[in-house]
Protein chains: 2
Amino acid sequence: MKRSQLEPRKSPRQTRSEAMVEAILEAAVRVLEREGLAAFTATRVAEVAGISVGSLYQYFPNKHALTAALIRREQAALVQAVEAVVSDTKDLSLEAGLSRLAALAVSHQYGRPGLASALDHEERRLPLGKEIEAFRTAIRKAMRGFLDIHQARLPLQDLDSAAADLLIIARAMVEADADRREPAAPGLERRVLRALMGYLLLPTEAFTRSRSSRRFL
Amino acid sequence: MKRSQLEPRKSPRQTRSEAMVEAILEAAVRVLEREGLAAFTATRVAEVAGISVGSLYQYFPNKHALTAALIRREQAALVQAVEAVVSDTKDLSLEAGLSRLAALAVSHQYGRPGLASALDHEERRLPLGKEIEAFRTAIRKAMRGFLDIHQARLPLQDLDSAAADLLIIARAMVEADADRREPAAPGLERRVLRALMGYLLLPTEAFTRSRSSRRFL
DNA sequence: ACCTGAACACCGTTCAAGT
DNA sequence: ACCTGAACACCGTTCAAGT
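Given the structure is predicted, the values throughout are model-derived calculations rather than measurements.

Trainee: How do you make sense of the overall build of chain A when you look at a structure like this?
Mentor: Within chain A one finds nine helices and zero strands. Start at the N end of chain A and walk to the C end: the helices and strands fall as α-α-α-α-α-α-α-α-α. Residues classed as buried in chain A amount to 49% of the 217 residues present. Residue pairs at least 24 apart in sequence account for 68% of intrachain contacts in chain A once pairs closer than 6 positions are excluded.

And the structure:
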């Protein structure tokens, strides 16, 4: 699938098109939130947007592109939120910063539960093109920036892998919780924090079969 | 969706049926491994199994049930593998045991990469009935048993949540890696081990805004 | 009794016809 | 020029007809 296949057909300079794309995306969100993934069909989205299917396909080359646009929006919002937290917590302790990040992960998922879950699942299913890959990279970079601030305290060599791992861990724990219950389990945020802190602070010697193995923990 | 909808139609006592179910499942695995999720259609599976679509539907009430049967198999194998590791590592250190569990997570995913990935994705998409939920519970229980052995060393109150979290973390890290590359990243197993160890060993005080915060790490 | 595969319902996508 | 919605291709599922 080529990159162009995932993008809206029309240039955003044309104001009418822009508004139409917007209306379609809003309709899509409505369908996903109110009626679920099963009802998320091209015809239904067009219907809710008040246009014909044919028109929908004038703005999006295929349904995948429509889904990708929704995911792109969510991801863009998340990038900004993560960057904001990193910047806001520059002067706080590692614990405080991670705590804010854990809270962000939870609130991002539970802010719009139906939508977030549906997009999670779609995101996995589809090969998502480079643009969305870029958002992930941006989030990883922001996280890496956070780790750099606390570098002195971290017994880690590969901060890039660490940043990626932390994001995967937080996301998986929150999604697993969201798949089972709503609202969030009371201890969720705390458990996420534990996972992140533990990953970062575990002394390397603690799992390097050495005689000093139990000195730290 | 009722539980009965996810099970094969015929009793396993009828040997011919049993063999047929087996043949269909093998065909399904073949299609998934060799041709991918996109080619995994009822017609294609029937074709590879050498029967008509109609016959396929005599053994499985719907395609979902066929997928569920494959997932059930994988999960059953995984339950046994986890139980075996837990039992084999009864007398070893926490590190050694977790290390074996991390290795199991990686090898389970990479043992049959195409199949495992495809089933991962399907497993998320579908509401999977109680039987598969039971496998997850069994794995969680085995993990809980493992934690009980090392209880004295763990600064944790809720071992059930911990067991569930460890499984989610290991799985998410391995799947994220598998989605991006093949074979596994060289450091993957070690990173999974770090995540598990860190979660378990992090002193509770380390993230409870107390003045003793930095005493341990 | 059991199997077959054309037929049906439904979804993504297109395009001839209408404005 | 732009929109519409019937038509087409394809997939899951069924069932009349064949053995």
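Having seen it, we continue.
Trainee: I keep staring at unusual backbone geometry and nothing clicks. Help me out?
Mentor: Glycine aside, residues mostly have negative phi angles, and peptide bonds mostly take the trans form. A cis amide bond links Glu182(A) with the next residue in sequence, Pro183(A), at an omega value of 0 degrees. Its place among the elements puts Pro183(A) in the loop between helix H8 (159-180) and helix H9 (188-201).

Trainee: Is there a simple way to think about the nonpolar core in this case?
Mentor: Looking at soluble globular proteins, one finds that nonpolar side chains tend to be buried together. By size, the foremost hydrophobic cluster in this structure holds 81 residues, and its most contacted members are Leu98(A), Leu200(A), Leu98(B) and Leu200(B). Among the nonpolar cores identified, the runner-up in size contains 29 residues, and Phe40(A), Ala49(A), Ala69(A) and Ile71(A) belong to it.

Trainee: It is not clear to me how the protein's contact with DNA strand D should be interpreted in this structure. Could you clarify?
Mentor: Around DNA strand D there are 13 residues in total, and Gly54(A), Gln58(A), Ala42(B), Tyr57(B) and Lys63(B) lie nearest to it. Each atom of DNA strand D within 4 Å of the protein was classed as base or backbone; sugar and phosphate made up 65%. Note that a phosphate oxygen of DNA strand D is positioned 3.0 Å from one of the backbone N or O atoms of Ala42(B). Between DNA strand D and the protein, one listed contact pairs a phosphate oxygen with a side-chain N or O atom of Tyr57(B) at 2.5 Å. Secondary structure elements with two or more residues in the surface near DNA strand D: helix H3 (53-59) of chain A together with helix H3 (53-59) of chain B. Tallied by class, the residues present in the surface near DNA strand D amount to five nonpolar, seven polar and one charged.

Trainee: Would you explain the protein's contact with DNA strand C in this entry?
Mentor: Every one of the 14 residues lining DNA strand C counts as a neighbour, but Ala42(A), Tyr57(A), Lys63(A), Gly54(B) and Gln58(B) are closest to it. Contact distances for DNA strand C include 3.0 Å between a phosphate oxygen and a backbone N or O atom of Ser52(B). One of the side-chain nitrogen or oxygen atoms of Ser55(B) is found 3.0 Å away from a phosphate oxygen of DNA strand C. Put simply, the parts of the chain that give the surface near DNA strand C at least two residues each are H3 of chain A together with H3 of chain B.

Trainee: Got a minute to help me understand the packing of helix H5 (residues 94-111) of chain A against helix H6 (residues 113-125) of chain A in this structure?
Mentor: In a packed pair of helices, the relevant descriptors are the angle between the two axes and the axis-to-axis distance. Residue and element names in this part refer to chain A. At a minimum axis separation of 5 Å, H5 and H6 run at an interaxial angle of 100 degrees. Accordingly, the angle class assigned to the pair H5 and H6 is roughly perpendicular. Two secondary-structure elements touch here, H5 through His108, Gln109, Tyr110 and Gly111 and H6 through Pro113, Ala116, Ser117 and Asp120. Of the residues in the contact of H5 with H6, the class split is three nonpolar, four polar and one charged.

Each value, and the rule that gives it
- Residues numbered from 1 in each chain as written.
- Chains lettered and ligands numbered in written order.
- Predicted model: local features only at pLDDT ≥ 70, side-chain atom pairs only at ≥ 80, totals over all residues.
- Heavy atoms only, no water.
- Helix = DSSP H or I, 4+ residues; strand = E, 2+ residues; numbered from the N terminus.
- Buried < 20%, exposed > 50% of the residue type's maximum accessible area, 1.4 Å probe, protein only.
- Contact = heavy atoms within 4.5 Å.
- Core = buried A, V, L, I, M, F, W, Y, C linked by side-chain atoms within 4.5 Å.
- Near = heavy atom within 4 Å.
- Polar contact = N/O pair within 3.5 Å; in protein donor to acceptor, adjacent residues only side chain to side chain.
- Nonpolar A, V, L, I, M, F, W, Y, C, P; charged D, E, K, R; others polar.
- Axes fitted to C-alpha atoms, helices over the stretch in contact; angles between N-to-C directions.
- Parallel < 35°, antiparallel > 145°, perpendicular 65-115°, else oblique.

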